[in-house]
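Chain by chain, the residues run as shown.
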Amino acid sequence: MIPTIDLAAWRAGDAATGPAVDSALQRAGFLLVTGHGVDAALRAAVRGAARRFFALPAEVKARYAVRIGGRGWLAPGVEANGNVEGTETPPDLKESFAVGPDTPTGDPEVDGVWFPPNVWPAEVPELHHAVDRYLAAMTAVSRELLELCADALGLPRETLIALAAHPTWTFNINRYPPLTEVGQPAPGQYRIGPHTDFGTVTVLDREPGAGGLQVDCADGNGDGTGWADAPYDPAALTVNIGDLLAHWTGLRWRSGRHRVLPPQPDSPHEELISLVFFFELDHDALVTPLAPPIGRRTDLPPVVSAPFLRERLDAISVG
């Protein structure tokens, strides 16, 4: 249900790529993507610098502390992704460092929410340089993925990316602490609780582990009976689509439901770092669901990107 898609083959005109993408995104909402051109050394540099930041004392990291939607350190306990599904869940067992686009619009009300200034830890100056290079690569990959998605829908390649001239996005570096640090998880507590992402495409560079990523492959029924470990390839990026793109396709495609398992007793020292790039659209983009025969629904209203995303971000905030 989660195929490997070679972007290099698609660029070269492989006619089988589009149908494979369409089929996978109708089923699980996930892909593995190779041929992306993102240097493994760059991914390692970001992860290494992030580990040095997360190893700082909590009182030092607290100088950079923010809430969800801010730029800086998201401390343990401030986020519960499972809440977005309507059931109150314990906080996620993780900490994060968040970065966003440094491209303000000039409108203080918009910029204060969607384009606040980034914060960089003086104690780990190499993090800024590595992340800037990584984000340039992630933005290029995400734009190409939206072109691929349009192609898979039988639309001109520029159709989706046309609403991302000045996009919002968030880059989260997630640290999943070991069991020896967090102790026994509470009932229903995960490193990240079951949820779907909110935007268009999420591009993930992850480390495999016993308490790693699982995908709900339950053929779209969303009842959690189809949880399976996500396939892993160190050369591939893991890609899933979010609620905004699923809505845009008239729910032809499924927003990829997933979770990250809690630390496991048989791997008590396991610590994982995930690099998660959430790509969206222009904050004021009007997204009109595609009509049949591409779309599957005729009753979905147009939505504006920013309030659509804000509702979901507020739902996962704790406190």
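It should be emphasised that the depicted structure is a prediction, and the values quoted were computed from it without experimental measurement.

Calculation rules
Along each chain, the written sequence defines residue order, and numbers are assigned to residues from 1. Given that this is a predicted model, residues contribute local features only at a pLDDT of at least 70 and side-chain atom pairs are listed and counted only at 80 or more, while totals for whole chains, interfaces and linings are drawn from all residues. Values shown for side chains rest on all heavy atoms present in the structure; no hydrogens or waters enter the calculation. Working definition: rings of Phe, Tyr and Trp (its six-membered ring) pair if their centres are within 6.5 Å, and the pair is stacked with planes under 30 degrees apart, edge-to-face with planes over 60 apart, and tilted otherwise. What counts as a helix is a DSSP run of H or I of at least four residues, what counts as a strand is a run of E of at least two, and both are numbered from the N terminus. Buried residues are those whose accessible area, probed at 1.4 Å on protein chains only, stays under 20% of the maximum for their type, while exposed residues exceed 50% and partly exposed ones sit between those limits. For a lysine, the NZ atom is tested; for an arginine, the CZ atom; a charge sits over a ring if that atom is within 6 Å of the ring centre and within 35 degrees of the ring normal. Pairing between strands requires that DSSP locate at least two bridges from one strand to the other. The angle between two axes is taken between their N-to-C directions and runs from 0 to 180 degrees, where each axis is a line fitted to C-alpha atoms and a helix contributes only its stretch in contact. In what follows, residue pairs with any heavy atoms lying within 4.5 Å of each other are defined as contacts. Here, a salt bridge means any Lys or Arg side-chain nitrogen found within 4 Å of an Asp or Glu carboxyl oxygen.

A. Region of interest: the packing of aromatic side chains. As enumerated under the stated definition, the model contains seven aromatic pairs in all. Relative to tyrosine 64, the ring of phenylalanine 53 lies with its centre 6.4 Å away and its plane at 65°, an arrangement referred to as edge-to-face. Of this pair, phenylalanine 53 sits in helix H3 (residues 40–54) while tyrosine 64 sits in the loop between helix H4 (58–61) and strand S3 (72–74); the two residues are 11 residues apart in sequence, bridging distant segments of the chain. Of the residues examined, phenylalanine 53 reaches a relative accessible area of 1% and is grouped as buried. On the accessibility criterion, tyrosine 64 (12% relative accessible area) is buried. Centre to centre, the rings of phenylalanine 97 and tryptophan 120 are 6.1 Å apart; their planes meet at 40°, and the pair counts as tilted. Taken together, the positions of phenylalanine 97 in strand S4 (residues 95–99) and tryptophan 120 in the loop between helix H5 (108–114) and helix H6 (126–152) put the pair 23 residues apart, joining distant regions of the chain. On the basis of relative accessibility, which here comes to 1%, the residue phenylalanine 97 falls in the buried class. Here a set of aromatic residues connected by ring pairs shows up, and it is made of Phe53, Phe54, Tyr64, Phe97 and Trp120. Positioned above the aromatic ring of tryptophan 114, the side-chain terminus of arginine 310 is 5.8 Å from the ring centre. It is arginine 312 that lies over the ring of phenylalanine 308; its NZ or CZ is 3.7 Å from the centre.

B. Local environment of the sheet that holds strand S5 (residues 167–176). The eight strands lie next to each other as S1-S2-S10-S7-S12-S5-S4-S3, forming an open sheet whose pairing is mixed. In the strand order of this sheet, the two ends are held by strand S1 (4–6) and S3, each with one partner. On average, adjacent strands in this sheet sit at an angle of 25° to one another, irrespective of strand direction. As paired strands, strand S7 (residues 201–205) and strand S12 (residues 272–282) are joined by five bridges and run antiparallel to one another. Paired with leucine 204 across the bridge in S12 is valine 276. Helix H2 (residues 17–27) contacts S1, strand S2 (30–34) and strand S10 (237–241) of the sheet and is inclined by roughly 145° relative to S2. Packing of H3 onto the sheet brings it into contact with S3, S4, S5, S7, S10 and S12, and relative to S12 it is tilted by some 110°.

C. Structural detail: the pattern of salt bridges. Applying the stated criterion to the full structure yields 23 salt bridges. For glutamate 144, the salt bridge is made with arginine 11, and the minimal N-O distance between the two is 2.7 Å. On the criterion of sequence distance, the pair formed by glutamate 144 in helix H6 and arginine 11 in helix H1 (residues 7–11) is long-range, its members being 133 residues apart. A relative accessible area of 15% places glutamate 144 in the buried class. Between glutamate 207 and arginine 47 there is a salt bridge, with its nearest N and O atoms 3.7 Å apart. Here glutamate 207 is found in the loop between S7 and strand S8 (213–216), whereas its partner arginine 47 is found in helix H3, with 160 residues between them in sequence. Judged by relative accessible area, arginine 47 falls into the buried class, the value being 9%. The structure contains a network of salt bridges with shared partners spanning Arg43, Arg47, Arg51, Lys61, Glu95, Arg175, Glu181, Asp205, Glu207 and Glu271.

D. Broad picture of the sheet that holds strand S6 (residues 192–195). Taken in spatial order, the four strands line up as S6-S11-S8-S9 in an open sheet, and their pairing is antiparallel. Each having just a single partner strand, S6 and strand S9 (227–229) make up the two edges of the open sheet. On average, each strand axis in the sheet is inclined to that of its neighbour by 25°, with strand direction left out of account. Bridging between S8 and S9 involves three bridges; their strand directions are antiparallel. Across the sheet, the residue bridging to aspartate 216 is tryptophan 227, located in S9.

By themselves these figures say nothing about function.
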